[in-house]
Amino acid sequence: GLPLSTVGIQYGLQALRQGLITPVHFVELNSRIGGLDVNFNWVPERIKADFPAIANVYRTGYSNMANNMGSVAMINFTGNDPGIAHDTVHAYWVRWRLDRALGHHENFVMWGGPAPLIGDPNYVYMGLDYMSDWLDAVEADTSATPLAEKILANKPAHLHDQCSDGNGNFVLDEMCPEPIVTYFGTPRTVAGDTEFGDSLACQLKPFSRDEDYGLIPFSEAQWVTLEGVFADGVCDYSLPPVGMQDAIDWLGYQDETGQAIIGGEQLPAAAYPAGWASPAFAGHWDR
């Protein structure tokens, strides 16, 4: 199924409140944005999530809730935000989710710099050396201490957040401030979503002129349009997203006897075998 919903999202809400866009822009954006079907073709309707697909995204860790990441040593290279798919905010999402799930991010070190994505090209080999120091110290700890605690107890003192000028010279023993490293939110955060970036489907509340828009001057025709767009309600980001739950580590796929659970039925032979199924590849494709 499709584990995503855009129902109730008020795109551009913060920009509207800040006067960066007009009511006309806001109404057009939200009434015309539409959504995508399961094949990622544009459709005029908003996306409605499928269930239980959306819950499965959380429980399998496909959307990483960070609740099982306490036993992982991490050094994250963080550079200026180039946009597109490699948004710098992803690194911050990990840190914020760790804080939410574990109450700390001591096992997550951020090395920043001005180079897009990577921060500083010199980090590549330096990071391998530092990570080797860290993991070697953990490996040498043969006590019965839980791994998550070993990761913290054996982190080298010289390994911490830092900021580089991009040429291998450290300028701060903390994460780079703007404008050295700039990161941006998402259309959902501009719509009022939380900073964590893991809201796949929001819980809804009734559409309200006064609560959401205050004295913003919409025409009556614009109100009617918005009421139609948000007939099911608007996102209530004070509530947890629909289906959100901690990821389950080491998922099992066996029944009570230990046999693997296999669903579906075997497909029939193709009438006209082609591609990898053609006779030319017989005995080779499965190697």
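Above this text sits the structure in question.
Along each chain, the written sequence defines residue order, and numbers are assigned to residues from 1. Local features in this predicted model are restricted to residues of pLDDT 70 or higher, and side-chain atom pairs are both shown and tallied only at a pLDDT of 80 or more, whereas totals for entire chains, interfaces and linings draw on every residue. For the side-chain quantities, the full set of heavy atoms in the structure was used; hydrogens and water were omitted.

Caption draft 1: Representation of the pairing of strand 4 (residues 108-112). Here's how the labels work: a residue is buried when its accessible area is under 20% of the maximum for its type, exposed when over 50%, partly exposed in between, all with a 1.4 Å probe on protein chains only. Helical segments are the DSSP runs of H or I of at least four residues, strand segments are the runs of E of at least two, and each set is numbered from the N terminus. Judged by how many residues are buried, strand 4 sits mostly within the fold: 5 of 5 residues are covered. Burial of strand 4 is two-sided: the residues Phe-108, Met-110 and Gly-112 facing one way and the residues Val-109 and Trp-111 facing the other way are all buried. As judged from the 5 bridges shared by strand 3 (residues 74-78) and strand 4, these two strands associate in the parallel manner. Considered in strand 4, the bridge of Ile-75 is made with Val-109. Whether a crossover is right-handed depends on one test, that the path from the first strand over the helix to the second runs clockwise when the strands point away from the viewer. In terms of handedness, the path from strand 3 via helix 4 (residues 89-102) over to strand 4 forms a crossover that is right-handed. Paired strands, as defined in this entry, are two strands with at least two bridges between them according to DSSP. By the bridge criterion, 2 bridges tie strand 4 to strand 5 (residues 162-164) in an arrangement that is parallel. Directly across from Trp-111, in strand 5, lies its bridge partner Gln-162.

Caption draft 2: Quick peek at the packing of aromatic side chains. Two aromatic rings from Phe, Tyr or Trp, using only the six-membered ring of Trp, form a pair when their centres are within 6.5 Å; if the ring planes differ by under 30 degrees the pair is stacked, by over 60 it is edge-to-face, and anything between is tilted. In this structure the tally under the stated criterion is 15 aromatic pairs. Between the aromatic rings of Tyr-92 and Tyr-183, the centroid separation amounts to 4.0 Å while the plane-to-plane angle is 25 degrees, which identifies the pairing as stacked. Of this pair, Tyr-92 sits in helix 4 while Tyr-183 sits in the loop between strand 6 (170-172) and helix 7 (187-190), and the two are 91 residues apart along the sequence. Assessed through its relative accessible area of 30%, Tyr-183 is described here as partly exposed. Among the aromatic residues, those joined into a cluster by ring pairs are Phe-26, Phe-207, Tyr-213, Phe-218, Trp-223 and Phe-230. Charge over a ring is defined by NZ of Lys or CZ of Arg lying within 6 Å of the ring centre and within 35 degrees of the ring normal. Between Arg-100 and the ring centre of Phe-196, over which it is positioned, the NZ or CZ distance is 4.3 Å.

Caption draft 3: A look at the sheet that holds strand 3. Taken in spatial order, the 4 strands of this open sheet run 3-4-5-6, and their pairing is mixed. Strands at the two margins of the open sheet, each flanked by one partner only, are strand 3 and strand 6. Across this sheet, the average inter-strand angle for adjacent strands is 30 degrees, counted without regard to direction. Any pair of residues with heavy atoms lying within 4.5 Å of one another is described as a contacting pair. What counts as an axis is a line fitted to C-alpha atoms, over the stretch in contact for a helix, and the angles between N-to-C directions run from 0 to 180 degrees. Here helix 4 sits on the sheet and contacts strand 3 and strand 4; the angle it forms with strand 4, its principal contact strand, is near 150 degrees. Against the sheet, helix 5 (residues 123-140) engages strand 3, strand 4, strand 5 and strand 6, with an angle of about 165 degrees to strand 3.

Caption draft 4: Local environment of a negative patch on the surface. Exposure above 30% relative accessible area and the absence of a salt bridge qualify a residue for a patch, where like charges join within 9 Å and nonpolar side chains (Val, Leu, Ile, Met, Phe, Trp, Tyr) within 5 Å. Per-residue and other accessible areas follow the Shrake-Rupley method at a 1.4 Å probe size, with only the shown protein chains counted as cover for residues. We define a salt bridge as a contact between a side-chain nitrogen of Lys or Arg and a carboxyl oxygen of Asp or Glu at a distance within 4 Å. Positive charges are assigned to Lys and Arg, negative charges to Asp and Glu, while His and the chain termini are left out of the count. Just so you know, the charge point we use is NZ for Lys, CZ for Arg, CG for Asp and CD for Glu. On the surface, a cluster of negative charge is contributed by Asp-129, Asp-133, Asp-136 and Glu-139. Along the polypeptide, Asp-133 turns up in helix 5. A relative accessible area of 37% places Asp-133 in the partly exposed class.

Caption draft 5: Main features of helix 5. Any helix carries an expected span of 1.5 Å times its number of residues minus one. With 18 residues, helix 5 extends 25 Å between its outermost C-alpha atoms, agreeing within 8% with the 26 Å of an ideal straight helix rising 1.5 Å per residue. Along helix 5, the positions that sit buried rather than exposed are Tyr-123, Met-126, Gly-127, Tyr-130, Met-131, Trp-134 and Val-138. Across the axial projection of helix 5, the buried residues extend over an arc of 130 degrees, all falling on one side. Of the residues in helix 5, the exposed ones pointing more than 90 degrees away from the buried face are Tyr-125, Leu-128, Asp-129, Glu-139 and Ala-140. Structurally, helix 5 contributes buried residues whose contacts are with strand 3, strand 4, helix 6 (147-153), strand 5 and strand 6. Arc definition: it is the arc formed by the directions from the helix axis to the C-beta atoms.

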